[in-house]
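# Analysis of the macromolecular model
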Amino acid sequence: MDTELDAETDSASDREFIRLDRVEKVFDVRKKTGFLRSERHEVRAVDSISFTVPRGEMVGYIGPNGAGKSTTIKMLTGILTPSGGRLRVAGIDPSRERTRLARRIGVVFGQRTTLWWDLPLIDSYRLMHRMYRIPDARYRENLDRCVELLELGPLLDVPVRQLSLGQRMRGDIAAALLHDPEVLYLDEPTIGLDVISKVKVREFLRDLNAERSTTVLLTTHDLSDIEQLCRRVMVIDHGRLVYDGPLSGLHEIGAGERTLVVDLERELPPIDVDLARVVKVEGPRQWLAFPASDSAAPLVARIAAEYPLVDLSVREPDIEAVISRMYAEKATS
Amino acid sequence: MAEPSRLADGLRAYRLIAAMWIRSTMAYRASFAMTVVGQFVGTGLDFAAILLMFSQVDALGGYTLPEVAFLYGLSGAAFGLADLVIGSTDKLGRRVRDGTLDTLLVRPAPVLAQVAADRFALRRVGRITQGLLVLGYALVSLDISWTPLKALMIPAMMLSGAGIFAAVFVAGAAFQFVAQDASEVQNSFTFGGTTLLQYPPSIFAQDLVRGVTFVLPLAFVNWLPALYVLGRPYPLDLPEWVAFLPPLVAVACCALAGMAWRVGLRSYRSTGS
Amino acid sequence: MGTGRLYAAVAVRAFRRYATYRVATAAGVFTNTVFGLILAYTYIALWDEKPHLGGYDQAQALTYVWLAQGLHAAVAAMGGGFEDELIERIRTGDIAIDLYRPADLQAWWLATDVGRAAFQLVGRGVVPMAFGALVFELALPADPATWLAFLVAVALGVAVSFAIRYIVAMMTFWFLDGAGVQQLATLVGIFFSGMLLPLNIFPGALGELGRVLPWSALIQAPADVLLGERTGSGLLSTYAFQAAWAVGLLAVGRLVQLAATRRVVVQGG
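Residues numbered from 1 in each chain as written. Chains lettered and ligands numbered in written order. Predicted model: local features only at pLDDT ≥ 70, side-chain atom pairs only at ≥ 80, totals over all residues. Heavy atoms only, no water.

The name an unreviewed UniProt entry assigns to chain C is ABC transporter permease, from the organism Streptomyces sporangiiformans.

### Quick look at the overall build of chain A
Scanning chain A for helices and strands turns up twelve helices and 13 strands. Per-residue burial for chain A yields a buried fraction of 48% across its 333 residues. Counting only contacts in chain A whose residues sit at least 6 apart along the sequence, the fraction spanning at least 24 positions is 69%. Entry remark: accessible area of chain A is about 16,100 Å², with carbon and sulfur atoms responsible for 48%. (Helix = DSSP H or I, 4+ residues; strand = E, 2+ residues; numbered from the N terminus. Buried < 20%, exposed > 50% of the residue type's maximum accessible area, 1.4 Å probe, protein only. Contact = heavy atoms within 4.5 Å. Areas by Shrake-Rupley, 256 points an atom, 1.4 Å probe, with all protein chains shown as cover.)

### Some thoughts on helix α8 (residues 144-170) of chain C
All names here are of chain C. Here α8 is 27 residues long and its end C-alpha atoms lie 39 Å apart, about the 39 Å a rise of 1.5 Å per residue gives. Within α8, 20 of the 27 residues are buried, leaving the element largely enclosed by the surrounding structure. The opening residue of α8 is Asp143, an N-cap whose side-chain oxygen sits 3.0 Å from the backbone nitrogen of Ala145. (Expected span 1.5 Å × (residues − 1). Polar contact = N/O pair within 3.5 Å; in protein donor to acceptor, adjacent residues only side chain to side chain.)

### Quick word on the sheet that holds strand β9 (residues 240-246) of chain A
Residues and elements named next belong to chain A. With mixed pairing, the six strands of this open sheet are ordered in space as β5-β6-β7-β3-β8-β9. Looking at strand neighbours, the two that pair on one side only are β5 (105-109) and β9, the edges of this open sheet. Each strand axis lies, on average, 15° off the axis of its neighbour in the sheet, ignoring direction. In this sheet, strand β7 (residues 215-219) lies alongside strand β3 (residues 58-62) in parallel orientation, the contact comprising four bridges. Within β7, the position partnered with Tyr61 by the bridge is Thr219. Here helix α7 (residues 165-177) sits on the sheet and contacts β5 and β6 (183-187); the angle it forms with β5, its principal contact strand, is near 160°. (Pairing = 2+ DSSP bridges. Axes fitted to C-alpha atoms, helices over the stretch in contact; angles between N-to-C directions.)

### What about the interface of chain A and chain B?
On the side of chain B, 30 residues touch chain A, which itself brings 30 residues to the contact. The largest contributions to the chain A side of the interface with chain B come from A:Arg98, A:Trp116 and A:Met131, which together make up 23% of the buried area. Here chain A and chain B share three salt bridges between them. Two residues, B:Asp102 and A:Lys74, come together in a salt bridge whose shortest N-O distance is 3.2 Å. Among the residues making up the side of chain A that touches chain B, the classes are represented as 13 nonpolar, seven polar and ten charged. (Buried area = accessible area lost by both parts, 1.4 Å probe. Salt bridge = Lys/Arg side-chain N within 4 Å of Asp/Glu carboxyl O. Nonpolar A, V, L, I, M, F, W, Y, C, P; charged D, E, K, R; others polar.)

### Some thoughts on the interface of chain B and chain C
With 37 residues of chain B at the interface, the matching set in chain C holds 31 residues. Each partner contributes to the roughly 2,800 Å² buried at the junction of chain B and chain C, and carbon and sulfur atoms together form 76% of this total. A salt bridge links C:Arg124 to B:Glu184, with the shortest nitrogen-to-oxygen separation between them at 3.9 Å. Across the chain B-chain C interface, the total number found is three residue pairs in polar contact (both at pLDDT 80 or more). Residue assignment for the side of chain B that touches chain C shows that the elements contributing at least two residues are α2 (29-56) and α9 (183-197) of chain B. Here the side of chain B that touches chain C is built from residues that sort into 21 nonpolar, 13 polar and three charged.

Rendered as structure tokens:
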């Protein structure tokens, strides 16, 4: 057993710690078409996705609702069996060896706490201790670390039902880490949290990744999570991987256009220049879109020459807009 | 991966989770006490109905009150035991619907053990107690010519009966993977089953008795072995040795239910719903 | 929208909502049929020993079994329906929002319960009754007027049942963990509605008591009407009995509600 494990932890498998080869998940969906009649049709929740994640990387996994994010996570954690393709996490086929994998991964479901509602927080940790058979010294060390970094000290004796959402999320993250998982899956870890809790959670995850080189896969709607945590981001839409690369690249992909915001002396009809088009007018302020690859200088010069210009600024597209535009483009194409 | 270690893992996880639920329940002691009493009285209503019947008649289907109480007590205690240990599986449909089953699937323990221990309800000892009290009344009132074998059959019946009911619970839970709102179907076999067994087989139609002997073998919970203890004729002209089959029937039922559970869980993991 | 139309719309919505729980309804029908079958055989054994027990012949007794199985969901003899939802809203404090609705709290929930009952009378009632009629010899009336009289008694039974459950739910304002009160109400409901056994065969004083308690309006009263045991002035006095309990308990519910909402206001909830 040990020699097998050693063989798996060579550098090649570290580079492909998580590996998906053309993984598919097809659901049979029944749609009601009448009182008792229904039609079956196939939905490809995940459509031939391939990627690898090296040990110790922190990856953001984003996409709109129903794009296939959680289906992917469910396959990676062994909850769902893929309909096709090959999937390995730490050399383990998740759906076949679910319980063996379970000891090596940690999962945090954003809106479903796994903590015991009516019991003090510490009781849930004691259960983890015994259920995962964590050696005592290891357990104490990990617990102390989590308590310190996530500031759980005063909360340990409080029944979970009395914790705020942010406190509970911190509690859940700690619970998922007591058994030293090599991979941590986080499903919307900052959803609904206050600003301070968000900051704490992000700091903690950054440290965890840096110090323990825990591999982290994170789904989120909050792109600032990704901006602050992940160098690599994967975008999934309609079950397909539409982007896999650095966050900066995501900017470029979506940065088809930049926006020039112009303040004029007074309200005027939309500015008429061939280098850009007006997308919005609000009193004396006008928004003009122009290709991201163009320099703003000639455009500004033209407008300054022909219109009574008071002030101007250039806006880079924010990542939310980029992503939403990506989806809008997909929908229309 | 060997089966014994999985079983040990399951039992261990069950014990850990059940202990957590007991602690949770004890957070509201007064409420717990009230629900134990409630369970005790609620189960007692069935027997109250039987007492009401016997306030009007002296025998039902040829059976006296102590004899019916004997059947009632055995069935009630066996069912109560199964309900205590594994009755929570009837909530599986809800977990599938709200998606919380997934949180159990990422733990290093068999799902069935986790589902069975989920919301472990110690208040169900109220049902067992009530069954045992009625059984006690029956044993005191009946004039049975005891043999060591007959005496041994009483605890054996309770354990095998609990095993048979446990199998019905698990099979019903497996069905909820497919039909999440159908926990009532499970109820008709579990709660309905124990209600049926509280009355003597002689009052039911032959086809019904045949059904619960050969198809869904509830008759082995108490009817057949109890009739042996009471020295009464068997239904359907069955031979005498069927009275000693309950342990085997229980094992077979549990094996089948385990298979049904696996099929159900596999279908959940391939459909996600 | 006029108030009448508002409540009608609420009732229709509740009817539709329950109509969407198809699997649960089918499962419930199955359960009722299984229990009906078991009870039917015990009744046969009972009436074999003592024909004309409680004034019913065997066919009437069997009709009673299937009627009780078909009816108990509609009259919520075991509790439930809007009750669970209302208790949950009181517990979570969402009830404060309801108090600002431009509708009367009690009337609003009554409307939803009427919608639910109407659906469950059809959805949970027809199949067990038909099954019972196919397998056993029942004493169902041929006269449409009797059926109509029966439906009136059912409607009054629903009103009484609602009034009881409303008071039970309101108790949550005082007992934060309302499970105990609810459990007690359920037990009493099962026993004294006549769901297990007709109240006619309860012995002596217990029978007397059962017949004057409000729960007898749920199943026993409609059953007696359908079985033709109540006609003419007997029918009118059954209606009067049910209506009196309905009005009285609705009034009590209203008073409890006033006291409860005053508490909410005082607590600043």
